[in-house]
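Residues per chain, in single letters:
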Amino acid sequence: MGLTARVLAVDAGNSKTDVAVVAADGRVLGTARGGGFRPPAVGVEAATDVLAEVVERVFAAAGVTSVTHVSACLANADFPVEEERLTDALHARAWGATVDVRNDTFAILRAGVSEPRGVAVVCGAGINCVGMRPDGRTARFPAIGRVSGDWGGGWGLAEEALFHAARAEDGRGGPTELARTLPAHFGLDSMHALIEALHLELVPPGRRHELAPVLFATAADGDPVARALVDRLAEEVVSMATVALSRLDLLHEETPVLLGGSVLAARHPQLDDGIRDLLAARAPKAVPQVVTASPVLGAALLGLDRLGVVAAGVRERVRAHFEG
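Residues numbered from 1 in each chain as written. Predicted model: local features only at pLDDT ≥ 70, side-chain atom pairs only at ≥ 80, totals over all residues. Heavy atoms only, no water.

## Some remarks on the pairing of strand β7 (residues 127-132)
Thought 1: For β7, a buried count of 6 out of 6 residues is recorded, marking the element as mostly surrounded by other parts of the structure.
Thought 2: Residues of β7 alternate between two faces, with I127, C129 and G131 on one and N128, V130 and M132 on the opposite face, all of them buried.
Thought 3: Alignment of strand β6 (residues 118-123) against β7, held across 6 bridges, turns out to be antiparallel. Its bridge partner lying in β7, C123 is registered against I127.
Thought 4: A loop of 5 residues connects β7 with strand β8 (residues 138-140), the two strands running antiparallel in sequence, and G136 in this loop sits at a positive phi of about 100°. (Buried < 20%, exposed > 50% of the residue type's maximum accessible area, 1.4 Å probe, protein only. Helix = DSSP H or I, 4+ residues; strand = E, 2+ residues; numbered from the N terminus. Pairing = 2+ DSSP bridges.)

## Re the pattern of salt bridges
Thought 1: Per the counting criterion, the structure on display carries 20 salt bridges.
Thought 2: For the salt bridge of D49 with R93, the shortest nitrogen-to-oxygen distance reads 2.8 Å. In this pair, D49 sits in helix α2 (residues 44-62) while R93 sits in the loop between α3 (80-92) and β5 (96-103), placing the two residues 44 residues apart along the sequence.
Thought 3: Linking R117 and E253 is a salt bridge whose minimum nitrogen-to-oxygen distance equals 2.9 Å. (Salt bridge = Lys/Arg side-chain N within 4 Å of Asp/Glu carboxyl O.)

## Here's the deal with the sheet that holds strand β4 (residues 67-74)
Thought 1: Ordered in space as β3-β2-β1-β4-β5, the 5 strands form an open sheet in which the pairing is mixed. The sheet is open, and its two edges are formed by β3 (28-35) and β5, each paired on a single side. With strand direction ignored, the average angle separating the axes of adjacent strands in the sheet is 15°.
Thought 2: Strand direction decides the pairing type here: strand β1 (residues 6-12) and strand β2 (residues 16-23), joined by 7 bridges, are antiparallel. Each residue of the ladder has a partner; that of V10, found in β2, is V19.
Thought 3: Contacts from α2 reach β1, β2, β3 and β4 within the one sheet, and its direction differs from that of β3 by about 155°. (Axes fitted to C-alpha atoms, helices over the stretch in contact; angles between N-to-C directions. Contact = heavy atoms within 4.5 Å.)

## Points about the packing of aromatic side chains
Thought 1: Enumeration according to the criterion identifies 0 aromatic pairs in this entry.
Thought 2: Cation over ring: R247 sits above F141, and NZ or CZ is 4.7 Å from the ring centre. (Phe/Tyr/Trp six-rings, centres within 6.5 Å; stacked < 30°, edge-to-face > 60°. Lys NZ or Arg CZ within 6 Å of the ring centre and 35° of its normal.)

## Describing the nonpolar core
Thought 1: The biggest cluster of nonpolar side chains holds 54 residues, and the ones touching the most others in it are L182, L233, L271 and I275.
Thought 2: Broken down by element, the residue count for this core peaks at 11 residues, all from helix α9 (residues 224-247).
Thought 3: If we skip the residues at most four places from it in the chain, I275 touches A234, V237, V238, L259 and L264.
Thought 4: Residues V28, V113, A293 and V318 belong to the second largest nonpolar core, which totals 32 residues. (Core = buried A, V, L, I, M, F, W, Y, C linked by side-chain atoms within 4.5 Å.)

## Considering the side chain of D272
Thought 1: With respect to the helices and strands, D272 occurs in helix α11 (residues 269-282).
Thought 2: Residue classification places D272 among the buried positions, given a relative accessible area of 9%.
Thought 3: The contacts of D272, once residues within four sequence positions are left out, are R267 and V290.

So this is what it looks like as structure tokens:
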């Protein structure tokens, strides 16, 4: 593989897209950031147009017009049929000779491991888990919400906190400080006022995610209801990780379990300790660690894996660029 071989690495989430062009010797030739990638909301073509604008900028920065391989880790690529449609859409743009599309959780996993082996649980707006082995075997979940059995993520935590706070205030549920702390976050004095503000969109729907940190702060102050929700999230994270490890026959081997996304990366002590304690009991060989590296690093490493680039120092050079 000559040094002219290049990877277009794409990490496209719902809120932002990061791209990079990487040479086969590990040099990062250009990076760029753009808007979110949301095919369910705008359609595949319009979502790919958003990618095209960012790719055009990174190609200009790198001084190239195409690459050898496109390694795209994309939000909303949850089922094989969606990966196929997105692969076709990216092929049609002729950015590279070959294209691999994966769910964006794989980028976080690969960013945190020295080889494509391990499990990652991501908890940001939603929750997801994937696993991989060097032989190509993977484990994953649909992760499209309650319909696929998921619980957790920033949005889910906010909904649960609102549910318990509303019932505490009107008498249907037990007491919780959430009935005070949630509305207070928006300068309101009651859950009734907050419910009305959310319903009438006086508080924009997109701001609901701000309530997850309020939940954690309320839990840290000792509120039993908030603490129970944090404990349940730890249970969900470990349940997903343990099932993925089992599917890949890694449950009894020392294996990294990467924790990523805004909720897990915040290192809330109760959640962090709960996850580690449960993993120690159910998967003693698992090695949990929080991933802070940019996920586009993982997309780049997956691309180099796909090209069979094995020269010494290549992956270290890419990692040093994104972690330095």
